[in-house]
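Here is what each chain is made of, one letter per residue.
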Amino acid sequence: MEISQELFYKNCLKLESANPQLATDVKSHFQTKFDFRIVRGLANTISVSGKQLSSRHNPKREAEVQASFITESKEIYLYGVGLGYLSENLLTRAQLSKLNIKILNLSLFSLVLSLRDQGTWISDERVYISLASSDLDLQTPYFAFHPDVLLADDR
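In this text, all values refer to a predicted model and were calculated from it rather than measured experimentally.

In this section: the packing of helix α2 (residues 20–27) against helix α5 (residues 106–113). The interhelical angle for the contact between α2 and α5, taken along N-to-C directions, is 90°, at an axis separation of 9 Å. Relative to α5, α2 is oriented roughly perpendicular. For the pair formed by α2 and α5, the contact residues are Leu22, Asp25 and Val26 on the first element and Leu106, Phe109, Ser110 and Leu113 on the second. By residue class, the composition of the contact of α2 with α5 is five nonpolar, one polar and one charged.

Structure (structure tokens):
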């Protein structure tokens, strides 16, 4: 796992279809410097300012466990994206008609887009992606990624 400008732009192309303004905002944050390091295990993840974004051993299994705590619903809100594994997992639910993904930190999201292909969930027609700061209240049912919350923008 390493930063890839090519992967970043590939993910941004998908994001432009889903939310053109957000794609523009994300591109402006691509060069933002983060204190992050790669954490190696059976799978790799990253640690940003000491906060690990996913399991370094089995992030897909971790996403399964996280998903098991989220109520079966036609609409779900995710605050943050981690490394995208939970989004992918939730989209396997046949009854899910809308997955609202709320970005908590544009620079962090930009970093994630440069590390792993996020195209599967970004381009899913059930996904609605926007900045969390555009909402006045927390929506339910929801899941909030703890590292994303700790690294959230001031807005």
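Let us now look at the side chain of Gln118. Within the secondary structure, Gln118 is located in the loop between α5 and α6 (119–122). Assessed through its relative accessible area of 0%, Gln118 is described here as buried. A polar atom in the side chain of Gln118 sits 2.5 Å from the side chain of Trp121. Discounting chain neighbours no more than four positions away, the residues touching Gln118 are Asn11, Leu83, Gly84, Val112 and Leu113.

With that settled, the discussion passes to the packing of aromatic side chains. Given two aromatic rings, one states the distance between the centres and the angle between the planes to describe the pair. Using the criterion set out here, one finds four aromatic pairs in the structure. Summarising the aromatic geometry, the rings of Phe8 and Tyr9 are spaced 5.1 Å apart at their centres and angled 80° between planes, so their arrangement reads as edge-to-face. By relative accessible area, which is 0% here, Phe8 ends up buried. Centre to centre, the rings of Tyr79 and Tyr142 are 5.9 Å apart; their planes meet at 85°, and the pair counts as edge-to-face. In this pair, Tyr79 is assigned in strand β4 (residues 75–79) and Tyr142 in strand β7 (residues 142–144), connecting sequence segments 63 residues apart. Tyr79 gets classed as buried once you look at its relative accessible area, which sits at 6%. Over the ring of Tyr128 we find Lys98, and its NZ or CZ is 4.7 Å from the ring centre.

Conventions used here
Residues numbered from 1 in each chain as written. Predicted model: local features only at pLDDT ≥ 70, side-chain atom pairs only at ≥ 80, totals over all residues. Heavy atoms only, no water. Axes fitted to C-alpha atoms, helices over the stretch in contact; angles between N-to-C directions. Helix = DSSP H or I, 4+ residues; strand = E, 2+ residues; numbered from the N terminus. Parallel < 35°, antiparallel > 145°, perpendicular 65-115°, else oblique. Contact = heavy atoms within 4.5 Å. Nonpolar A, V, L, I, M, F, W, Y, C, P; charged D, E, K, R; others polar. Buried < 20%, exposed > 50% of the residue type's maximum accessible area, 1.4 Å probe, protein only. Polar contact = N/O pair within 3.5 Å; in protein donor to acceptor, adjacent residues only side chain to side chain. Phe/Tyr/Trp six-rings, centres within 6.5 Å; stacked < 30°, edge-to-face > 60°. Lys NZ or Arg CZ within 6 Å of the ring centre and 35° of its normal.

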